[in-house]
Amino acid sequence: MKTMIYSLALTALLLPLGSCSDEDPVLTQKDWDGTATYFASTDEMTFGTYYKPYVGYVGDPMPFYDPVAKDFKVLYLQDYRPNAETYHPIWAVSTADAASYTSLGELIPTGTVSEPDAAIGTGSTIYDEAEKLYYTFYTGHTAGQEVVMVATSPDFKAWTKNRSFYLAGSDYGYSRSDFRDPFVFKGNDGAYHMLVSTMEGTKGKLVEFTSPDLKTWSHAGVFMTMMWDRFYECPDLFKMGDWWYLVYSEKHAVIRKVQYFKGRTLDELKAATANDVVTWPDSHEGFLDSRGFYAGKTASDGTNRYIWGWCPTRAGNDNTNVGASPNEPEWAGNLVAHRIIQHEDGTLTLGAVEGIDRKYASEQEVKIMSQSESGVANNNGVYTMTGDSYMLFNRLQVHNKISFTVKTASASDKFGFSLVRGTDSKKYYSVIVNPEPGTTRKVNFEEEGEEGKGFIEGIDGYVFNTPSDNVYNITVYTDNSVCVVYINDDVAYTNRIYGIQKNCWSINNYGGSIEVSDIKVSVQE
């Protein structure tokens, strides 16, 4: 709003002296606290939590815990719009808590148009303690060919490309054009292992290479087949407790989500897709988030393991332009982090990052600005909502944390919350906890209102089990246009929603009966 205020002040200076009246624009300021109509806000360029570089966007994060600096380095593919003829150099940020970031600028530039890394793709970083040297393996991409390349650095600042090192899929019977996203880790055998996403004929494969020293690599065959016609991008392998996990991003246009497999041993993990008879790790096919979170990869400091991915922008700032099949969302966006939660049975879900939560420390007044004519009853801050009813709350700021608890009367009750809403809104955007077959639920996204499109295909969440006590603890973080929702440490849902700031929000009930309590809003100090 600074631009508007400055413009109003300039208008006042140009008015004739003594011309003050009730119509003076300098005296007419928007009543933020006393109004609840829709405001056509212009989103800020900056983000307080979910990082975006000052110029360009974040693509394909490559997180790495630095054992020397004792912090996380998140390398990523820098996306300019438009990109140059050579594109996606590797940039990086550092963070101690996955909540606040320091830019490290460009680390590894692209090659020339005639070199194998004219464009750069995903990779991974590892530190060799013996050499005191960082290795970043990455994808070199040109029209029709992808190869694995490497750059090294003694200080994580100055990087040197090894122009004599290339791994090409066609040298081992794999695809020439799909051979990418190297992930390197040190195994229990003391050797280094590299996973590469590729194709063998028409079948997707994760293939393996091994090395004693990070310099010379030997082909070790197929690590894991990709089921059916799928392609697993950005593979990430790690052990957590007694379980091995493979986190990957499913390229298939209909899915386009981050998923995982698990196994008590590496052999059990590899067998999860053997002969196209898939063994899913949980009741929701290993999905970890929505299509609003992609290319997720993890890193751990020994205490917490976080996963970083990117939340795509929407063409034309259109909240419904989500890229449902056959179209795809815009590539790259903001850096979003979640905390990995491991459950007793080995299953994984994503939850809030403690460092992010600490940033939203200033609690705000929450007041009802409008509500449905019927269906809302208040008993000392505990609201019973029945039928088709809603409560519209006062305006949000730019960076918000919303939390509330819902208890449903049955597994079929439907509820949600809306953003970018006012008393006169002809359309607004709702995140809805929808009843699914049996006793399952799914988070849906809808454009509601008389001019709304209804259900928006392609940005819904994944099926999850209804809580046994019918209690849903909802936490929502909004950072400018990025919106991240958590439910009971069991569900994560990321989306891009423009226009949140300076508009009201609501809690909605759709036909059943729910009890809503502990409604709070906090902002960044």
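What counts, and at which threshold
Residues numbered from 1 in each chain as written. Predicted model: local features only at pLDDT ≥ 70, side-chain atom pairs only at ≥ 80, totals over all residues. Heavy atoms only, no water. Helix = DSSP H or I, 4+ residues; strand = E, 2+ residues; numbered from the N terminus. Contact = heavy atoms within 4.5 Å. Areas by Shrake-Rupley, 256 points an atom, 1.4 Å probe, with all protein chains shown as cover. Lys, Arg positive; Asp, Glu negative; His and termini not counted. Charge placed at Lys NZ, Arg CZ, Asp CG, Glu CD. UniProt positions renumbered as here; feature names shortened; annotations may be inferred. Phe/Tyr/Trp six-rings, centres within 6.5 Å; stacked < 30°, edge-to-face > 60°. Buried < 20%, exposed > 50% of the residue type's maximum accessible area, 1.4 Å probe, protein only. Lys NZ or Arg CZ within 6 Å of the ring centre and 35° of its normal. 1 Å grid on protein atoms, 1.4 Å probe; cavity = no way out; pocket = protein on both sides within 12 Å on 5 of 7 lines; lining within 4 Å. Points joined across faces, edges and corners; volume = space filled by probe spheres on them. Nonpolar A, V, L, I, M, F, W, Y, C, P; charged D, E, K, R; others polar. Salt bridge = Lys/Arg side-chain N within 4 Å of Asp/Glu carboxyl O. pLDDT = per-residue confidence, 0-100. Disulfide = S-S within 2.5 Å. Pairing = 2+ DSSP bridges. Core = buried A, V, L, I, M, F, W, Y, C linked by side-chain atoms within 4.5 Å.

Named according to an unreviewed UniProt entry, the protein chain is Glycoside hydrolase family 32 protein originating from Bacteroides gallinaceum.

> Explain the overall build of the protein chain here, please?
Check the secondary structure of the protein chain and you find three helices and 34 strands. Each of the three principal axes of the protein chain carries a C-alpha extent, and together these read 80 × 65 × 40 Å. Within the protein chain, contacts between residues at least 6 apart in sequence are counted, and of these 58% link residues at least 24 apart. In the structure as shown, the protein chain presents an accessible area of about 21700 Å², 49% of it carried by carbon and sulfur atoms. Each charge class in the protein chain can be summarised by its mean position, and for the 45 positive and 68 negative side chains these summaries are 2 Å apart.

> I'm lost on the UniProt feature "domain: BT1760-like C-terminal" (unreviewed entry) in the protein chain in this one. Help?
UniProt's entry tags residues 346-521 with the feature "domain: BT1760-like C-terminal" (unreviewed entry), counted in the numbering of this structure. Within the segment residues 346-521, helix and strand shares are 3% and 59% respectively, and the terminal C-alpha atoms sit 33 Å apart.

> What is the right way to read the packing of aromatic side chains from this model?
To describe a pair of aromatic rings, you give the distance between the ring centres and the angle between the ring planes. A complete count under the given rule lists 34 aromatic pairs for this structure. Consider the rings of Tyr 65 and Phe 72, whose centres lie 5.2 Å apart with planes at 70 degrees: the pair is edge-to-face. With a relative accessible area of 1%, Phe 72 lands in the buried category. Seen from their ring centres, Phe 261 and Trp 280 are 5.9 Å apart, and the 10 degrees between their planes marks the pair as stacked. In this pair, Phe 261 sits in strand β16 (residues 258-263) while Trp 280 sits in the loop between α2 (266-270) and β17 (294-300), placing the two residues 19 residues apart along the sequence. Classification of Phe 261 as buried rests on a relative accessible area of 0%. Taking NZ or CZ as reference, Lys 251 lies 5.6 Å from the ring centre of Phe 231, over its face. Positioned above the aromatic ring of Phe 287, the side-chain terminus of Lys 257 is 4.9 Å from the ring centre.

> Sorry if this is basic, but what is going on with empty space enclosed by the protein here?
Take a probe with the size of a water molecule and roll it over the atoms, and the empty space left behind shows itself. Scanning the model with the defined rule gives one cavity of 30 Å³ or more in all. Reported here for the largest cavity is a volume of approximately 50 Å³. If you go around the largest cavity, the residues you meet are Phe 415, Gly 416, Phe 417, Val 431, Val 433, Val 443, Ile 474, Val 485 and Ile 487. By residue number, the principal contributor to the lining of the largest cavity is strand β26 (residues 415-421), which donates three residues. Split into classes, the residues belonging to the lining of the largest cavity amount to eight nonpolar, one polar and no charged.

> Looking at this structure, how should I read the layout of surface pockets?
Taken as a whole, the largest pocket spans an internal volume of roughly 670 Å³. The set of elements that each furnish at least two residues to the lining of the largest pocket consists of β1 (57-66), β5 (119-128), β10 (179-186), β14 (232-240) and β17. Of all the elements, β5 adds the most residues to the lining of the largest pocket, at five residues. Counted by class, the lining of the largest pocket contains 14 nonpolar, eight polar and six charged residues. Estimates place the volume of the second largest pocket at around 380 Å³. What lines the second largest pocket is a set of 19 residues, and nearest its centre among them are Asp 60, Glu 146, Arg 180, Glu 233 and Trp 331. When contributions to the lining of the second largest pocket are tallied by element, the ones reaching two or more residues are β5, β6 (133-142), β10 and β14.

> Whenever I open this one, the pattern of salt bridges confuses me. Can you help?
Any two side chains of opposite charge can pair, so long as their charged atoms come close to each other. Summed over all chains, the structure comprises 21 salt bridges. Among the salt bridges present, the one from Arg 81 reaches Glu 330, with a minimum N-O distance of 3.7 Å. In this pair, Arg 81 is assigned in the loop between β2 (71-79) and β3 (90-95) and Glu 330 in the loop between β18 (305-312) and β19 (333-342), connecting sequence segments 249 residues apart. Relative accessible area serves as the criterion here: at 38%, Arg 81 is assigned to the partly exposed category. Note that Lys 132 is salt-bridged to Glu 129, the shortest N-O span being 2.2 Å. Using a relative accessible area of 44% as the deciding quantity, one classes Lys 132 as partly exposed. Overlapping salt bridges bring together Glu 115, Asp 117, Lys 161 and Arg 163 as one network.

> What is the right way to read the confidence of the model for the protein chain from this model?
Close inspection of predicted coordinates is inappropriate for parts of the model with low pLDDT. Taken residue by residue, the protein chain gives an average pLDDT of 93. The fraction at 70 or more is 94%. Low pLDDT (under 50) marks residues 1-28, which in the prediction has 11 contacts with non-local residues, meaning those over four places away or in another chain.

> Where do I start with the state of the cysteines in this structure?
Defined simply, a disulfide is a covalent bond joining two cysteines at their sulfur atoms. Under the criterion given, the structure shown has zero disulfides. Here Cys 311 stays unpaired: no disulfide links it, and the sulfur of Cys 483, its closest cysteine neighbor, is 9.0 Å away. Cys 483 sits in the buried class, given a relative accessible area of 1%.

> Sorry, what's going on with the pairing of β6 here?
One face of the sheet, then the other: side chains in a regular strand alternate in exactly this way. Within β6, eight of the 10 residues are buried, leaving the element largely enclosed by the surrounding structure. Direction of pairing for β5 relative to β6: antiparallel, over a ladder of eight bridges. Counterpart to Asp 128 in the pairing with β6 is Leu 133. Taken together, β6 and the strand that follows it, strand β7 (residues 145-153), pair antiparallel across an intervening segment of two residues, in which Gly 144 is found at a positive phi of about 90 degrees.

> Explain the side chain of Thr 122 here, please?
Structurally, the position occupied by Thr 122 is in strand β5. Ignoring sequence-local partners within four residues, the contact set of Thr 122 consists of Asp 60, Met 62, Leu 77, Tyr 138, Thr 139, Asp 181, Pro 182, Cys 234 and Lys 297.

> For this particular structure, what's the right way to read the pairing of β5?
Where burial is concerned, most of β5 is hidden: 10 out of the 10 residues are buried. Turn length for the β5-β6 hairpin, with the two strands adjacent in sequence and antiparallel, is four residues, and the turn residue Lys 132 shows positive phi of about 55 degrees.

> When you look at the nonpolar core in this model, what are you seeing that I'm missing?
By size, the foremost hydrophobic cluster in this structure holds 41 residues, and its most contacted members are Phe 404, Leu 419, Ile 474, Ile 487, Trp 505, Val 516 and Ile 519. Of the residues forming this core, the biggest block, six residues, is contributed by strand β34 (residues 504-523). Setting aside residues no more than four positions away along its own chain, Ile 474 makes contact with Ile 402, Ser 403, Phe 404, Phe 415, Phe 417, Val 485, Tyr 486 and Ile 487.

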